[in-house]
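Per-entry structural report
Listed below, chain by chain, are the residues.
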Amino acid sequence: MAVAGLPLPMVDIAHYLDDCKFILVSNREPYEHMRGATGVEVKQPAGGLVSALDPTMRRTHGTWVAWGSGTADRDVTDEAGRVAVPPDENCYTLRRVWLDDADVNGYYHGFANQALWPLCHMLIQHFEFRTEYWERYRTVNLRFAHAVADEAERCSGRAMAWIQDYHFALAAEYLRAMRPSLFIHQFWHIPFPPADILRLLPDGTHQAVLRGLLGNDLIEFQIDRYAANFLDCVEKFVPEARVDHARQTIVFRDRLVAVGAFPISIDVERFEQMAASPESEARVATLRDRYAKGTRQLGVCVDRIDYTKGIPERLHALETLWTESPELRERFTFLFVCTPSRTDLPAYAMLEREVLQSVMAINTQFGTPDWTPIVFINENVDSDLLANVYRAADLCIVSSLQDGMNLVAKEFVACQLDERGALILSRFTGSAEEIEGAILINPFNVDGFVAGIRTALGMSPEERKRRMHRMRRDLHNSTIFDWLDSILARATGIMGAQRIAQRQVAAV
Ligand code: GDG
């Protein structure tokens, strides 16, 4: 993957940061050094966050702290785990934190992905708590906090740390103890559960998670409902905290912690460009010729194979549709892009097997010598191909059982340059609260789900165009750069207010 030639950032972060050093913290690193056949190769993991934040980081000359997961990562860093990136351009510092197998197993696969992930998505049948995982999670969060504190120490002036996600629920509190005046904020990408779910974590642990997050000055959630759940949990489980629901603030250990909703989005122009390229036009024409000629229609979906995404529910709805409406056989084909994910965890490996079996059973039951109902791509495909698939489709289904936001819905809208497609979207995604014009479904209600697909299939081209046009217009007003801009505006606003308050105290 390319490491150079990324677009310039559309948010001038320097304008916000003034002389303040920016320290970003995430589990995944923006550049991985890998041992390859021809020596060390540098890879940039695909994904919205890295492609939005890397150009931004280039402007800040700050530091990105992340797990050094590449096979050659240690070969290129100094003793503190630091390396200048992007390679040959040296715009900012990547500070790698080293994790051994037991750390990865306990902190990442264990507590983050087997306890917090299912709990936050309210899919408690997958929830597994082990004390050993929790201990590792604490140790690794502490290690990250030390790395950030060290980075803050290295600069003479002020610094701001921005932590990403549920891998680091405890880091802010540890960091606060090390650097009391550091400005710390955190974006929580996944849902935040109601109190009755959070308390399934053992006594002491759910309170620790909340107190950990309260080490921040600002906690950003995707939508208001998750922010409200967090405030509610703090009120119930952290008796020393004072919660103001109307202002979305908490007074904790004599500090004010702000909470808010900042819905994440995508780099809309990047997706549009991918969907508009000459190669894309050709691929879209091929896809339509093969699957959507004349009155035939093509449905698509794109997911990591994860139990939160409602993949078996989607298969069940399609099976029901083709059973109840034989006339749709050979007239409606569905393309699944299903990327293997977290395959080290038994629940994920099992889900992948289950999905493959269902696809085979459906194709055997309804398929004919000339028609395969489900075309299944079971690998990570490049983002250009994704853009072509989104553009070629007559409809896209996102059927998550719970989802913090869901970027696939927004990517589909961005790539619909011909405005021909309908979006079928689970009510239980953050996106459903933002996108107006989708056909909303409840993935747990198979009949309603099937009715949603029928509505999409039967919708007139004019109505689809009208809806898609509106969704595209709204998306243009809410890109990943708007997201970044609103977070930084809020964070620096709070920082400024804190400085004024400190000066007033000093003057008394
Ligand atoms: C978490 C939250 C929140 C998928 N397959 C391929 C591929 N993808 C890309 C998609 C999309 C991304 O992966 C998936 O994003 P989602 O938003 O659907 O979900 P999570 O990974 O669960 O992310 C979620 C998000 O964080 C951001 O805050 O929206 O709610 O769960 O971008 O396009 N990309 C490529 N090949 C694939 O095969 N290139």
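Residues numbered from 1 in each chain as written. Predicted model: local features only at pLDDT ≥ 70, side-chain atom pairs only at ≥ 80, totals over all residues. Heavy atoms only, no water.

What about the sheet that holds strand β7 (residues 159–164)?
Picture the strands of a sheet paired through backbone hydrogen bonds; they go either parallel or antiparallel. If you walk across this open sheet you meet the 10 strands as β5-β6-β4-β1-β7-β8-β9-β12-β11-β10, and the pairing is mixed. Strands with a single pairing partner mark the edges of an open sheet, and in this sheet they are β5 (82–85) and β10 (242–244). Averaged over neighbouring strand pairs, the angle between their axes works out to 20° when direction is ignored. With three bridges connecting them, strand β8 (residues 183–187) and strand β9 (residues 218–221) associate as parallel partners. Along β9, the bridge assignment pairs Q186 with I219. Its contacts with the sheet put helix α18 (residues 480–507) on β1 (21–26), β7, β8, β9 and β12 (255–261), and the angle it makes with β8 is roughly 150°. (Pairing = 2+ DSSP bridges. Helix = DSSP H or I, 4+ residues; strand = E, 2+ residues; numbered from the N terminus. Axes fitted to C-alpha atoms, helices over the stretch in contact; angles between N-to-C directions. Contact = heavy atoms within 4.5 Å.)

Considering unusual backbone geometry
Omega for the peptide link from V85 to P86 comes to -10°, which places this bond in the cis form. Unusually for a residue other than glycine, D165 sits at a positive phi of about 80°. On the secondary structure map, D165 appears in the loop between β7 and α6 (171–178). The class of D165 is buried, set by a relative accessible area of 11%. Phi at E419 is positive, roughly 50°, even though this residue is not glycine. Structurally, E419 can be placed in the loop between α15 (407–415) and β17 (422–426). (Buried < 20%, exposed > 50% of the residue type's maximum accessible area, 1.4 Å probe, protein only.)

Overview of the site of the ligand
The environment of the ligand is made up of 21 residues, and the closest members are H189, V381, D403, L407 and E411. Within the contact set of the ligand, an oxygen atom lies 2.9 Å away from a side-chain nitrogen or oxygen of R304. A distance of 3.0 Å separates an oxygen atom of the ligand from a polar atom in the side chain of K309. Bound to the protein, the ligand loses 85% of the 730 Å² it would expose on its own. (Near = heavy atom within 4 Å. Polar contact = N/O pair within 3.5 Å; in protein donor to acceptor, adjacent residues only side chain to side chain. Areas by Shrake-Rupley, 256 points an atom, 1.4 Å probe, with all protein chains shown as cover.)

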